[in-house]
Amino acid sequence: MSSPPFRIGFGFDAHEFGDRGSLVLGGLRFKGLPALAGHSDGDALLHALIDALLGAAGLGDIGDFFPDTAKRYKGISSLKLLKRVLDRVLRKGFKPGQVDVTVMADRPRLTPVKKRMRALLARHLKIPVDLISIKAKTSEGTRLVSLRGGVAVWALATLVPRREGRS
Ligand code: MG
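Keep in mind that what you see is a predicted model, and the values were worked out from it rather than measured.

K.L.:
Help me out: how do you make sense of the environment of F66 in this one?
P.N.:
Structurally, the position occupied by F66 is in the loop between α2 (62-65) and α3 (78-91). Put simply, F66 and F30 are 36 residues apart on the chain and 24 Å apart in space, counted from C-alpha to C-alpha. Discounting residues that sit within four places of it in the chain, F66 has contacts with Y73, L81, R84 and V85.

K.L.:
I keep staring at the coordination of the magnesium ion and nothing clicks. Help me out?
P.N.:
Surrounding the magnesium ion are the protein donor atoms D13 (OD), H15 (NE2) and H47 (ND1), which sit 2.1 to 2.2 Å from the metal. Between consecutive donor residues of the magnesium ion, the sequence gaps follow D-x1-H-x31-H. By relative accessible area, D13 is classed as buried at 16%.

K.L.:
It is not clear to me how the pattern of salt bridges should be interpreted in this structure. Could you clarify?
P.N.:
A side chain of one charge can pair with a side chain of the opposite charge if their charged atoms are brought near each other. Summed over all chains, the structure comprises three salt bridges. Linking D19 and R20 is a salt bridge whose minimum nitrogen-to-oxygen distance equals 3.8 Å. R20 matches D19 in its accessibility class, with the two residues each being exposed. For the salt bridge of K135 with D100, the shortest nitrogen-to-oxygen distance reads 2.8 Å. Of this pair, K135 sits in strand β5 (residues 132-137) while D100 sits in strand β4 (residues 94-105), and the two are 35 residues apart along the sequence. By relative accessible area, D100 is classed as partly exposed at 29%.

K.L.:
Please explain the pairing of β5 as it appears in this structure.
P.N.:
Walk down a regular strand and you will see the side chains alternate between the two sheet faces. Here β4 pairs with β5 via six bridges, running parallel. From the neighbouring strand, T102 faces β5, where its bridge partner is K135. Regarding topology, helix α4 (residues 114-125) serves as the crossover connection from β4 to the parallel β5, and that connection is right-handed.

K.L.:
Teacher, can you tell me more about the nonpolar core here?
P.N.:
Generally speaking, a soluble globular protein has its nonpolar side chains buried in company with each other. Ranked by internal contacts, the top residues of the largest apolar core, which has 51 residues, are L25, L45, V103 and L125. The greatest single-element share of this core, amounting to eleven residues, is contributed by helix α1 (residues 44-57). Setting aside residues no more than four positions away along its own chain, L125 makes contact with L49, L53, L82, L86, P96, V99 and I132.

K.L.:
Just to check I follow, could you spell out the packing of aromatic side chains for this structure?
P.N.:
Pairs of aromatic rings are described using the distance from one ring centre to the other and the angle between the two planes. Going through the model one piece at a time under the given rule, you end up with two aromatic pairs. Where F12 meets W154, the ring centres are 5.2 Å apart and the plane angle is 50 degrees; that geometry is what we call tilted. Residue F12 is located in strand β1 (residues 7-16), and its partner W154 is located in strand β6 (residues 150-161); the two are separated by 142 residues in the primary sequence. According to the relative accessible area criterion, W154 is partly exposed, its value standing at 32%. Ring centres of F65 and F66 lie 6.0 Å apart, and the angle between their planes is 50 degrees; on these two criteria the pair is classed as tilted. Residue F65 is classed as partly exposed on the basis of its relative accessible area, which comes to 24%.

K.L.:
What is the right way to look at unusual backbone geometry in this model?
P.N.:
Most peptide bonds are trans, and most residues other than glycine sit at a negative phi. The linkage connecting R107 with the following residue, P108, adopts the cis geometry, with an omega of 0 degrees. Position of P108 among the secondary structure elements: in the loop between β4 and α4.

K.L.:
So what exactly am I meant to see when it comes to the sheet that holds β5 here?
P.N.:
Strand pairing in a sheet relies on backbone hydrogen bonds, with the paired strands running either antiparallel or parallel. With mixed pairing, four strands are arranged side by side in an open sheet as β1-β6-β4-β5. Of all strands in the sheet, those with a lone pairing partner are β1 and β5, marking the two edges. On average, adjacent strands in this sheet sit at an angle of 15 degrees to one another, irrespective of strand direction. Of the pairings in the sheet, the one linking β1 to β6 comprises ten bridges and is antiparallel in character. Its bridge partner being in β6, F12 is matched across the sheet by W154. Taken strand by strand, α1 contacts β1, β4 and β6, and its axis lies near 155 degrees from that of β1.

The rules behind the values
- Residues numbered from 1 in each chain as written.
- Predicted model: local features only at pLDDT ≥ 70, side-chain atom pairs only at ≥ 80, totals over all residues.
- Heavy atoms only, no water.
- Helix = DSSP H or I, 4+ residues; strand = E, 2+ residues; numbered from the N terminus.
- Contact = heavy atoms within 4.5 Å.
- Donors = N, O, S within 2.8 Å, 3.2 Å for Na, K, Ca; no water.
- Buried < 20%, exposed > 50% of the residue type's maximum accessible area, 1.4 Å probe, protein only.
- Salt bridge = Lys/Arg side-chain N within 4 Å of Asp/Glu carboxyl O.
- Pairing = 2+ DSSP bridges.
- Right-handed = clockwise from strand over helix to strand, strands pointing away.
- Core = buried A, V, L, I, M, F, W, Y, C linked by side-chain atoms within 4.5 Å.
- Phe/Tyr/Trp six-rings, centres within 6.5 Å; stacked < 30°, edge-to-face > 60°.
- Axes fitted to C-alpha atoms, helices over the stretch in contact; angles between N-to-C directions.

So this is what it looks like as structure tokens:
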């Protein structure tokens, strides 16, 4: 049986705003907004992306790797979690192909920082920036995210085989 040329994974995450700290989303810090509540730094974008990568690799989900009962992950930067997951994906013989992310948030406004966020993700995933897409939406008053306000993220990622000796 031949293997497919690429594999697809899908991830979702949502976090409510907490009442302390400062927001971290897509690896960027936003002053003036509280952090998202969560065991790690609450970076819902990176969590959805991690689940998409793990799904594509057939490696389970973020909770399998980083249980929220483990003290060592308390407050940890999700960029560190992403790095560990990427290492695991690479060891399995894949590398990221393309990433497409939709963020639903009434605040912060992401349009001004999307470019920076894409560049940061490209650097961490070691792929060209034009293979990373980030789309920002508001909830348009539907309160789909939460009554207190929060951020929901849907992410799609593909993985392609690594070629021996090349990447
Ligand atoms: Mg999460």
